[in-house]
Every structure is written in structure tokens, then in C-alpha cells.
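Residues per chain are reported as follows:
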Amino acid sequence: LVTGDARYYCMGVYIPPSDIMGAEDLRSAWDACPDGCIPIVLGDLNINFWDPRDDREEQIVDLLDEINLIDMSRRFAPRRPKRLKNRARWTWRQKREGRTHYSQPDYIMAREGDGRRFRTVGLRWPRYHDSDHRAVVATIRRGRVGRLKSYRKQWQRLPMQLPPGPHDQLTAVFE
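Residues numbered from 1 in each chain as written. Predicted model: local features only at pLDDT ≥ 70, side-chain atom pairs only at ≥ 80, totals over all residues. Heavy atoms only, no water.

**So, the overall build of the protein**
Piece 1. Within the protein, the regular secondary structure consists of four helices and nine strands.
Piece 2. Listed by position from the N terminus, the elements making up the protein come as β-β-α-β-α-β-β-β-β-β-β-α-α.
Piece 3. In the protein, which comprises 175 residues, the share counted as buried stands at 31%.
Piece 4. Put simply, of all contacts in the protein between residues at least 6 apart along the chain, 61% involve residues at least 24 apart.
Piece 5. Working note: accessible area of the protein is about 12600 Å², and carbon and sulfur atoms make up 50% of it. (Helix = DSSP H or I, 4+ residues; strand = E, 2+ residues; numbered from the N terminus. Buried < 20%, exposed > 50% of the residue type's maximum accessible area, 1.4 Å probe, protein only. Contact = heavy atoms within 4.5 Å. Areas by Shrake-Rupley, 256 points an atom, 1.4 Å probe, with all protein chains shown as cover.)

**Observations concerning the packing of aromatic side chains**
Piece 1. Here the structure, examined in full by the defined rule, presents two aromatic pairs.
Piece 2. Considering the side-chain rings of Phe49 and Trp50, the 5.1 Å spacing of their centres and the 85 degrees angle between planes classify their relative orientation as edge-to-face.
Piece 3. Looking at Trp50, the relative accessible area reads 48%, which means it is partly exposed.
Piece 4. A connected cluster of aromatic rings, assembled from ring pairs, spans Phe49, Trp50 and Tyr107. (Phe/Tyr/Trp six-rings, centres within 6.5 Å; stacked < 30°, edge-to-face > 60°.)

**Focus on the nonpolar core**
Side chains that are nonpolar tend, in soluble globular proteins, to be buried together.
Piece 1. By size, the foremost hydrophobic cluster in this structure holds 18 residues, and its most contacted members are Val41, Leu45, Ile47, Leu64 and Met109.
Piece 2. Only β2 (6-14), α1 (22-31), α2 (55-66) and β7 (106-111) provide two or more residues apiece to this core.
Piece 3. With four residues, α2 is the largest single contributor of residues to this core.
Piece 4. Listed in part, the 10 residues of the second largest apolar core include Ala6, Ile38, Ile108 and Phe118. (Core = buried A, V, L, I, M, F, W, Y, C linked by side-chain atoms within 4.5 Å.)

**Considering the sheet that holds β7**
Strand pairing in a sheet is mediated by backbone hydrogen bonds. Such pairs are either parallel or antiparallel.
Piece 1. Pairing in this open sheet of five strands is mixed, and the strands run β1-β2-β3-β7-β4 from one edge to the other. Lying at the two open borders of the sheet, with one neighbouring strand each, are β1 (2-3) and β4 (69-71).
Piece 2. As paired strands, β4 and β7 are joined by three bridges and run antiparallel to one another. Residue pairing in the sheet places Leu69 in a bridge with Arg111 of β7.
Piece 3. Along the sheet, α1 contacts β2, β3 (38-44), β4 and β7; its crossing angle with β2, the most-contacted strand, is approximately 165 degrees. (Pairing = 2+ DSSP bridges. Axes fitted to C-alpha atoms, helices over the stretch in contact; angles between N-to-C directions.)

In C-alpha cells form, the structure reads like this:
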């Protein structure tokens, strides 16, 4: 993703709950990040980042800590909705045996220093889909303002010119 002079390397990740190789797949995606890009991990990790429940989750959380990623949704306060139950940070829910279970398996994660590039991160119900997940939506600040304008201005100021002197027929047509 390119905006202005900022380049982001977005890694969409889905780690099934039964997958024990998720940490290695995430590491290989992280290692593929090109130099000069800002890495962002987004997707359904099927972990509890703040309180890992088993060894699988512990391995994934350790990798996220090792590469210095944080949950960007925790940096922004949720809106105050009319219904109190929507104020929680859950992204998944399921009704089992008369009880509703909530969890946050979906994340947008970035490095601590790159957090200033995000304007907002929030949770939304998908408008046209019937899903048990809420979407995690982020707004990223655009790159340096005027970058494209200055690029165009540079080319208008320095158009291509041929050196003076005799030219062949093709060069004369070009002129």
C-alpha cells in the first residue's frame, strides 16, 4: 500500500485454531517485508493476545513480542454507543447453550513507533454480510501532503529539450 511517500507492507493473516505452524508462517511473511516499508499485520490470528490460553497461543504472542508488534485497537478509545454491550473490544461472538461467548481473535498490529501513522482503529459490524465477526477498521494518515503536486511541478519546470544544432529528419519531427 502506497500513500504519498509512505509505503506499507500489509500482511493478511489467518491462523486456524488447530494450526500449530502459525508462528512459522507469520515469521516467513514478516521476513519477506521489503526494506523501507512499514509492516502491518492484520487478520484473524485466533489468539488472545493479552492472556494466552495454551502453548500455541504463547508461541504466536512471543513472536509478536519479538518483532515488537502491538494491538493498534488498544491505542484508540472506542466510541460510546447507545447500547452498553457494544462498548467492549470483542470481534467475535457465538451463542452456545444459551450463553453468548465473546473473544477478540481479530487484530490490526503494527510496531510501537508506527502507531502515530494511524488516525483511528475501530470495530464495525459488516453492513451486507451475516457474520459472527466484527470488522477491525483502521484509517491510516496519508503520506506527505503535496508530494504528487511537487512531482508534477518538477516535470513541468524541466521538460525534455534537445541540444541545439543540426538534426536528422526524425529529430526534426520530434521537435
